[in-house]
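The primary structure of each chain is shown beneath.
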Amino acid sequence: MLDRWERATDDGHGADDGHAAENGTWIPVVERLPAWARSGQEEDLNVGGLRHLAVQLYGPAPPDDRLRADVPARGADDPILAGGAVKAARRLLEKRFPRLKGRFVKGHVAFDRSRTGHEGQSADLAIAALFYGAALEHTSRRVRVQIRPEALLTGDVAPDGEIRPVEESSLPVKVRTAFFSPKTRLVVPAEQQEVARAARDKLLEKFPHGQLDILGIGRLEELFYDRRLTGRRRVGWVRHAADHLWDRRTEVALGTLSLGLLALIGALLYGPFDRDPALAEFQGSTLRVENAAGRTLEKLEVGRELVRKVEDGRAKKPVAFADVVRDETAELFWGASPGEDARLDVLRAKAVGADTLLWERPLRFEVSFPGKPEVSNGTFGIADLLAEDLNRDGSPELYALANHRPYFPSLLLQLEPTDGQVERRYVHPGHLRSGIKTVDLVESPAPELLVGGHSNAFGDPVLAVLDPTNMAGHAPTRGDYGVGGADRAAHVAYLRFPSTAVQERRPTDYPMAWQIRPSPATKTLEVVVQDGQMPDEGSGRPRVITTLGFGLEPRSVGTDGTYDQLADSLLQRGVLEAVPGPEALRRYGERVRYWTGSGWSANPMFASSLGDR
């Protein structure tokens, strides 16, 4: 049980601790309503929420494992966790990894809102799973496990590993919390699986577009057998050996350490080692660059605030790779911030492992909106990066999507990756937040660039489709949002999406196309737009999902669970006359507008400039 209104300043040991947050998960909790929000008939009314917790281990602790919780536990003076969760995880560790027998550790469980109390044992399943994974990493085992980000866990754990029931009255609240969250799987004790599914099915009757899988487990080890719930990877032997030597650096004599390092260097030089970057992971305060096998090639300090933005979904991974110097390994391009503000207002490029940059470019560009003189500052922040040979000339181009800070313009830039010079520039009167997608809509030599966002000129969510070889110019505009010093771009297509009754009654200021999902296999394109706004912004964005064919004709229109929840709430309060149904959504598809090159059409079409390509 969590008392949301017991607010206090975090003491630094909660989820904001960069180290702890690297090995964390979310759990559904029941939150207390404050006294002023209750009535005589609502004494037992509770609401649900998600709470983040993580396990950090930092040393040996004979003769037993010792985990300290950083939250006050109701009814307990000492927050030491010595119960079933830790003992069950220890039992499983020693069963699977006999060499860990007797290697006890100490650490702490970090909760967000760490001065806010927590009661009950329903967090034990998550704590046991996190302790198990943290112990493997702390003791440098080659096998690593992690709870998948789409999963939520609730359950009590006995010392022998049996998963015990949670308080049954809390289960419907937790199911409802998970159902309306971004998570898609909820793990519950096996004997309560049917109760949880019944609660989920009741929600599906009212919100048929919701998605939540209920999985029941009876023992702790079942969690690690199910790849829907936990991920497993094996660390390469070279990295494992290096980590092992580093962990034992104070115990190994200088001569032995030198021999070990020489042997490690010899193995790296003798055996084949893929130095081509393929993956980027943000962790703690660093950007870790890995090859396709998951071996770390380089670590770059980028700042904890940027990593938090990426982890929270407030920023896409601002990283791209491309071989531009023809040395058979790709170079690294990434967005950076000179300060701690994570503005991503600098673009950098370097060869992996090199001591110096290939180039660095501040994202300062003059844009002219004569009717909007307040747009005088030319600073932009990166929203997405893409490095790919889209024009099929044998050399990759670098594309950067950048939004103005703090005003409305957005730029899609095509840059020369060898020196960072801008080759083409597309100006848009409104932020583009979907990221950069590519797909071949018209079976031309070059696939099209797709970006989505909001048009301040028209007040609508929009989708722009551009030819990478002919993308310079600006988007359709009107009134005070006219662009100076640039011609209108020759769009392949430009679409404006309408609003439903929910947006009209409960509007968001900037209805935005947040996602574009091309599916070449089915020749369809999903455009996900925000339509309306929840009273609590942390509850998610109500979304309308339009599926287009590759000819841009609407094939279907649907809504997500957050939209359904908001629509139902507005109906109950008398704000809406009816929840938008199939007929209303069909009409929504008919109201999509298409740019013709000189005006707008209700007929699905590409822009007239297509014939000039």
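Preceding this paragraph is the structure being described.
Since the structure is predicted, the reported quantities are computational estimates derived from the model, not experimental observations.

## Notes on the environment of aspartate 509
Consideration 1: Inspection of the secondary structure assignment puts aspartate 509 in the loop between helix H10 (501-505) and strand E29 (513-519).
Consideration 2: C-alpha of aspartate 509 to C-alpha of glycine 459: the two residues are 50 residues apart in sequence and 8.7 Å apart in space.
Consideration 3: Sequence-distant contacts of aspartate 509, defined by excluding residues within four places in its chain, comprise His454 and Gln533.

## Details of the nonpolar core
Consideration 1: Core analysis: the biggest nonpolar cluster contains 46 residues, and Phe282, Leu287, Val319, Trp334, Leu347 and Leu398 have the highest contact counts within it.
Consideration 2: If you look at the next biggest cluster of nonpolar residues, it comprises 43 residues, including Leu53, Ala126, Phe131 and Ala151.

## Comments concerning the sheet that holds strand E33 (residues 593-595)
Consideration 1: Read from one edge to the other, the open sheet built from 6 strands follows the order E24-E25-E26-E28-E33-E34, with strand pairing classed as antiparallel. In this open sheet, the two strands that pair with only one neighbour each are strand E24 (437-439) and strand E34 (600-601).
Consideration 2: Both strand E25 (residues 448-455) and strand E26 (residues 460-466) contribute to a ladder of 7 bridges, which runs antiparallel. From the neighbouring strand, glycine 453 faces E26, where its bridge partner is valine 462.

## Overview of the environment of serine 410
Consideration 1: Relative to the assigned elements, serine 410 resides in strand E22 (residues 410-415).
Consideration 2: With a relative accessible area of 0%, serine 410 lands in the buried category.
Consideration 3: A sequence separation of 23 residues divides serine 410 from arginine 433, and the C-alpha atoms of the two residues are 9.3 Å apart.
Consideration 4: Setting aside its immediate chain neighbours within four residues, serine 410 contacts Phe380, Leu401, Ala402, Asn403, Tyr426, Val427, His428, Gly430, His431 and Leu432.
Consideration 5: A polar contact is formed between the side chain of serine 410 and the backbone oxygen of alanine 402, at a distance of 3.2 Å.
Consideration 6: A distance of 2.7 Å separates a polar atom in the side chain of serine 410 from a polar atom in the side chain of asparagine 403.

## Side note on a positive patch on the surface
Consideration 1: Together, Arg91, Lys95, Arg96, Arg227 and Arg232 make up a region of like positive charge exposed at the surface.
Consideration 2: Counting residues per element, the positive patch draws most heavily on helix H2 (residues 84-96), at 3 residues.
Consideration 3: Locating arginine 227 in the fold gives a position in the loop between helix H6 (220-225) and strand E12 (230-234).

Calculation criteria
- Residues numbered from 1 in each chain as written.
- Predicted model: local features only at pLDDT ≥ 70, side-chain atom pairs only at ≥ 80, totals over all residues.
- Heavy atoms only, no water.
- Helix = DSSP H or I, 4+ residues; strand = E, 2+ residues; numbered from the N terminus.
- Contact = heavy atoms within 4.5 Å.
- Core = buried A, V, L, I, M, F, W, Y, C linked by side-chain atoms within 4.5 Å.
- Buried < 20%, exposed > 50% of the residue type's maximum accessible area, 1.4 Å probe, protein only.
- Pairing = 2+ DSSP bridges.
- Polar contact = N/O pair within 3.5 Å; in protein donor to acceptor, adjacent residues only side chain to side chain.
- Patch = residues over 30% accessible without salt bridge, like charges linked within 9 Å, V, L, I, M, F, W, Y side chains within 5 Å.
- Areas by Shrake-Rupley, 256 points an atom, 1.4 Å probe, with all protein chains shown as cover.
- Salt bridge = Lys/Arg side-chain N within 4 Å of Asp/Glu carboxyl O.
- Lys, Arg positive; Asp, Glu negative; His and termini not counted.
- Charge placed at Lys NZ, Arg CZ, Asp CG, Glu CD.

Read these as spatial facts, not as claims about activity.
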